[in-house]
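Listed below, chain by chain, are the residues.
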Amino acid sequence: MSSPETPPDPPIRLVVVDDDPLVRAGLALMLGGAQDIDIVGEGADGAEAESLAARLRPDVVLMDIRMPGVDGLAATEALRSRPGAPEVVVLTTFHADEQVLRAIRAGAAGFVLKDTPPAQIVEAVRRVAAGEPVLSPAVTRRLMAHAADRAPDDRSARRRRARQRFGELAEREQDVAAAVGRGASNAEIAAALHLSVATVKAHVSRVLARLDLNNRVQIALLVHDAGLLDESGGPDGGLP
C-alpha cells in the first residue's frame, strides 16, 4: 500500500504596507505571481498595518519605513510586541543605518531595498516566513559597525548590559549564540559543536526565549554589543 501524499504547505499570508499606491500595485503584481504567497491585505500607513494584522493574521508584513502618520518603524515596534506577531520585512528606497538598526531591534526579520530584483523580494518573504533573517552577512556587519561607532560612554554601557544578558545563558547556549553572531547557519553550528541540527535549533529557540529576542539578527547584535567578536569575526575567548 502506498503511503498518502504529504499535503502541500498553506500559502504564506502576506500584507503589503506602503503609502504609494503605485508601489503597492507593483509589489502586489510581483508577489501575487508566486503560487506559495497569498496577499491578504494592503495598507497605506502604519496604523492600517496594525489593524490589518489584527484582523487578517498574516504570516509576514512587507513594511515601508517612511510613511505619513504612523511610520513603518513605529508600526513594526507595535506589531512585534503583540502575541502571535507576524514577521516584518522592512522595505525602503535608501540605506539608513540608524533606522534599520531600530527596525531590527524592534523585531523586524529583515531589510530589503525597493529596487531589489523581484525574485529576491519574493525569496525574502519566503525566507522570513520560514524563520530565517534576510539580512546578508555583509549588511549585518555594516549595521554592527555602525552601532560600534557610537560615543564611547554609550558603547561601554551597551557592552555592560549585553554581557549581563549573555551571562544569563547556559554555557552551550552561549556557544550557539556566539556562532549565530558570526553568521553561521544551523548546519555549520551543528558541525562545529558536534551537535545535531535539531539540537542547534532547540538551543537557538531557548536563547531567543530566555533573552526575549525575536530573531537571529537580534542575537547577532547582542553578541556584537557584548564585544564577543574580534576583528576577524571569531570569538574573543568568552566573557572575562
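About the cut-offs
Per-chain numbering applies: the sequence of each chain, read as written, is numbered from 1 onward. Local features in a predicted model are, by the rule used here, given only for residues with pLDDT of at least 70; side-chain atom pairs are given and counted only at 80 or more, and totals for whole chains, interfaces and linings are based on all residues. Values shown for side chains rest on all heavy atoms present in the structure; no hydrogens or waters enter the calculation. By the criteria applied, helices consist of DSSP H or I runs no shorter than four residues and strands consist of E runs no shorter than two, each listed in order from the N terminus. A simple rule labels every residue: compare its accessible area, found with a 1.4 Å probe on the protein chains alone, to the largest value its type can have, and call it buried under 20%, exposed over 50%, or partly exposed in between. It only takes one pair of heavy atoms within 4.5 Å for two residues to be counted as in contact. All accessible areas in this document rest on Shrake-Rupley with a 1.4 Å probe, and a residue is counted as covered only by the protein chains that are shown. Take a side-chain nitrogen of Lys or Arg and a carboxyl oxygen of Asp or Glu: if they are within 4 Å of each other, that pair is a salt bridge. Take the residue count of a helix, subtract one, and multiply by 1.5 Å to get its expected span. Contacts described as polar in this section are N or O atom pairs within 3.5 Å, which, within protein, must combine one atom able to donate a hydrogen with one able to accept it, while residues neighboring in sequence count only if both atoms come from side chains. What makes two strands pair is DSSP finding at least two bridges between them. Here, axes are lines fitted to C-alpha atoms. For helices the fit covers the stretch in contact, and angles between N-to-C directions go from 0 to 180 degrees.

A look at the overall build of the chain
Alright, step 1. Of regular secondary structure, the chain possesses 11 helices and five strands.
Alright, step 2. Residues counted as buried form 44% of the 240 residues belonging to the chain.
Alright, step 3. Across the chain, every contact between residues at least 6 apart in sequence was considered, and the portion connecting residues at least 24 apart equals 65%.
Alright, step 4. Total accessible area computed for the chain in this model is approximately 12,400 Å², and 52% of it derives from carbon and sulfur atoms.

Brief notes about the environment of serine 156
Alright, step 1. Relative to the elements of secondary structure, serine 156 occurs in helix α7 (residues 152–166).
Alright, step 2. Distance in space between the C-alpha atoms of serine 156 and aspartate 225 is 9.1 Å, their sequence separation being 69 residues.

What about the pattern of salt bridges?
Alright, step 1. Applying the stated criterion across every chain yields a total of eight salt bridges.
Alright, step 2. One salt bridge connects arginine 126 with glutamate 123, and the closest N-O pair in it is separated by 3.8 Å. One end of the pair is arginine 126 and the other is glutamate 123, both in helix α5 (residues 118–129) and three residues apart, which spans about a single turn.
Alright, step 3. For glutamate 123, a relative accessible area of 37% translates into the label partly exposed.
Alright, step 4. Residue arginine 206 is joined to glutamate 173 by a salt bridge in which the shortest nitrogen-to-oxygen separation is 3.5 Å. Pair noted here: arginine 206 is in helix α10 (residues 197–211) and glutamate 173 is in helix α8 (residues 171–181), with a separation of 33 residues, a long-range link.
Alright, step 5. Looking at glutamate 173, the relative accessible area reads 4%, which means it is buried.
Alright, step 6. Through salt bridges with shared partners, a single ionic network connects Asp36, Glu123 and Arg126.

So, helix α1 (residues 21–32)
Within an α-helix, residues lying three or four positions from one another point in the same direction, as the helix has 3.6 residues per turn.
Alright, step 1. Helix length check: α1 (12 residues) gives 16 Å between terminal C-alpha atoms against 16 Å at 1.5 Å per residue, within 8%.
Alright, step 2. Each element contacted by the buried residues of α1 is listed here: β1 (12–17), β2 (37–43), β3 (60–64), β4 (87–92) and α5.
Alright, step 3. For α1, the N-terminal capping position is held by aspartate 20, with its side-chain oxygen 2.9 Å away from the main-chain nitrogen of leucine 22.

What to know about unusual backbone geometry
Alright, step 1. The residue histidine 194 is not glycine, and still its phi comes out positive at about 60 degrees.
Alright, step 2. Along the polypeptide, histidine 194 turns up in the loop between α9 (186–193) and α10.

Let's talk about the sheet that holds β3
Alright, step 1. Here we have five strands laid out as an open sheet, ordered β2-β1-β3-β4-β5, and parallel in their pairing. Either end of the sheet is taken by a strand with one partner, and the two such strands are β2 and β5 (110–113). Strand-to-strand, the axes of this sheet are offset by a mean angle of 25 degrees, without reference to chain direction.
Alright, step 2. Relative to β2, β1 runs parallel, the two being bridged by six bridges. Each bridged residue has a counterpart across the sheet, and for isoleucine 12 the counterpart in β2 is isoleucine 37.
Alright, step 3. The strands that α1 touches are β1, β2, β3 and β4; relative to β2, the one it contacts most, it runs at about 170 degrees.
Alright, step 4. Strands in contact with helix α2 (residues 46–56) are β1, β2 and β3; relative to β2, the strand with the most contacts, it is inclined by about 135 degrees.

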